[in-house]
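# Coordinates in review
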Amino acid sequence: EAYAEMRRIADLTDRFPLAGSAGHAARDVCRINDMAGIGPVRVDPDVITMLELSRKHNARTRGAFDVTIGPVMDLWGFGGKHPHVPGDEELKSSLAMVGDAHMHLNRKDRTVYLDKPGMRLDLGAVAKGYATEKAIQVLKRNGIEKAIIDAGGTIRVIGTHARGVPWRIGIKKPGSTEDILAVLSLQDSAAATSAGYYRYFDSGRRRFHHILNPGTGYPAMENESVTVVAGDAGLADVLSTALFVLKPEEALEIVNKLTGVEAVLV
Ligand code: ADP
Ligand code: MG
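Residues numbered from 1 in each chain as written. Chains lettered and ligands numbered in written order. Predicted model: local features only at pLDDT ≥ 70, side-chain atom pairs only at ≥ 80, totals over all residues. Heavy atoms only, no water.

## Things to note about the overall build of the protein
Inclusion rule: Comment: elements are numbered from the N terminus, with helices defined as DSSP H or I runs of at least four residues and strands as E runs of at least two. In this scheme, a residue with accessible area under 20% of its type's maximum is buried, one over 50% is exposed, and one in between is partly exposed, where area comes from a 1.4 Å probe on protein chains only. Contacts are assigned to residue pairs with any non-hydrogen atoms lying within 4.5 Å of each other. Per-residue and other accessible areas were derived by the Shrake-Rupley procedure at a 1.4 Å probe size, with only the shown protein chains allowed to occlude residues. Think of it this way: Lys and Arg go in the positive column, Asp and Glu in the negative one, and His and the chain ends go nowhere. Note on charges: their place is set at NZ of Lys, CZ of Arg, CG of Asp or CD of Glu.
Each helix and strand counted, the protein has 9 helices and 12 strands in total. Expressed along its principal axes, the backbone C-alpha trace of the protein runs to roughly 55 × 45 × 35 Å. Looking at the protein residue by residue over its 266 residues, the buried ones come to 48%. Considering only contacts within the protein whose residues lie at least 6 apart along the sequence, 62% involve residues at least 24 apart. By element, 52% of the accessible surface of the protein is carried by carbon and sulfur atoms, the whole surface being about 13,100 Å². A distance of 2 Å separates the average location of the 33 positive side-chain charges in the protein from that of its 33 negative side-chain charges.

## Quick look at the coordination of the magnesium ion (ligand 2)
Selection criterion: Counted as donors are the N, O and S atoms within 2.8 Å of the metal, or 3.2 Å for Na, K and Ca, while water is not among the atoms, so some sites may look incomplete.
Within the protein, the magnesium ion (ligand 2) binds to D237 (O), D237 (OD) and T241 (OG1); these donor distances fall in the range 2.2 to 2.4 Å. Placement of both D237 and T241 in helix α8 (residues 233–245) is noted, with a separation of 4 residues, approximately one turn of the helix. Residue class for D237 comes out buried when judged on its relative accessible area of 5%. Classification of T241 by relative accessible area gives buried; the value is 12%.

## Digging into the pattern of salt bridges
Definition in use: Any carboxyl oxygen of Asp or Glu within 4 Å of a side-chain nitrogen of Lys or Arg constitutes a salt bridge here.
For the coordinates displayed, the defined rule picks out 18 salt bridges. Note that R8 and D44 form a salt bridge whose closest N and O atoms lie 3.2 Å from each other. With R8 in helix α1 (residues 2–13) and D44 in the loop between β1 (41–42) and α4 (45–60), this residue pair connects regions lying 36 residues apart in the sequence. By relative accessible area, which is 29% here, R8 ends up partly exposed.

## Details of the pairing of strand β9 (residues 200–203)
We apply this condition: Only strands that DSSP links by at least two bridges are regarded as paired with each other.
Direction of pairing for β9 relative to strand β10 (residues 206–209): antiparallel, over a ladder of 4 bridges. Within β10, the position partnered with Y200 by the bridge is H209. What sits between β9 and β10 in their antiparallel hairpin is a turn of 2 residues, with G204 showing a positive phi close to 60°.

These results come straight from atomic positions and should not be treated as a statement about function.
As structure tokens, this is what we get:
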């Protein structure tokens, strides 16, 4: 049941099935993107909730977190087999299609409208954590008291480890394969890490990863990794990506204002 719930959220948000295929038509994010500049699309309430969470963090980070980053992600080719460094002109035209203000949410009608043709949502920073949280809710409803879900970079636990001690989660040391930088003790909470070492390609002598600064269109270079601990996996996942884009002092300012949220910045 928990897996099915995760699958459902993945299906709503996956934006890469081929246009025209049966899967494509079923996916809310695909339909929203196809209708950009044309009209609003009625979606699952969970999609509205994810977009509201995203919008909140767009405001919180003054635009550094932006799920309308899709056109720029695609230009770099991060979803495909041949990522490459884009040219200045094409980067400029892709950036012109990014902006939270051009995303219109209507909770009452459950609709989403992107008002510029070519706009595209990318929920890559949100969906995994949100799906993890929904799956944990399924487990709780079924009376499960101790559990861990590792969605890859996003981990959520309920209860304690079997012997009554908190779950121990290692934070990977950037740049090394085995070493652990610190160990978190988690109980009824989530930890999410965003880092440049998950998905990247090398070009010339430089390395380019998949978390972009919407101000420049280039990978954000302020941090090597950001781990966020919070009560909710959806929040932890969004915040880890959002804080990764910011300067460490700006990131800490946000963390320190939030209760129940802690972070490790490298
Ligand atoms: P991962 O998906 O590797 O676990 P993250 O949770 O940090 O890592 O999410 C990275 C994804 O977030 C990217 O693949 C992309 O889909 C999306 N993304 C990249 N830059 C931004 C940004 N500035 N704002 C919002 N989402 C972004
Ligand atoms: Mg994230």
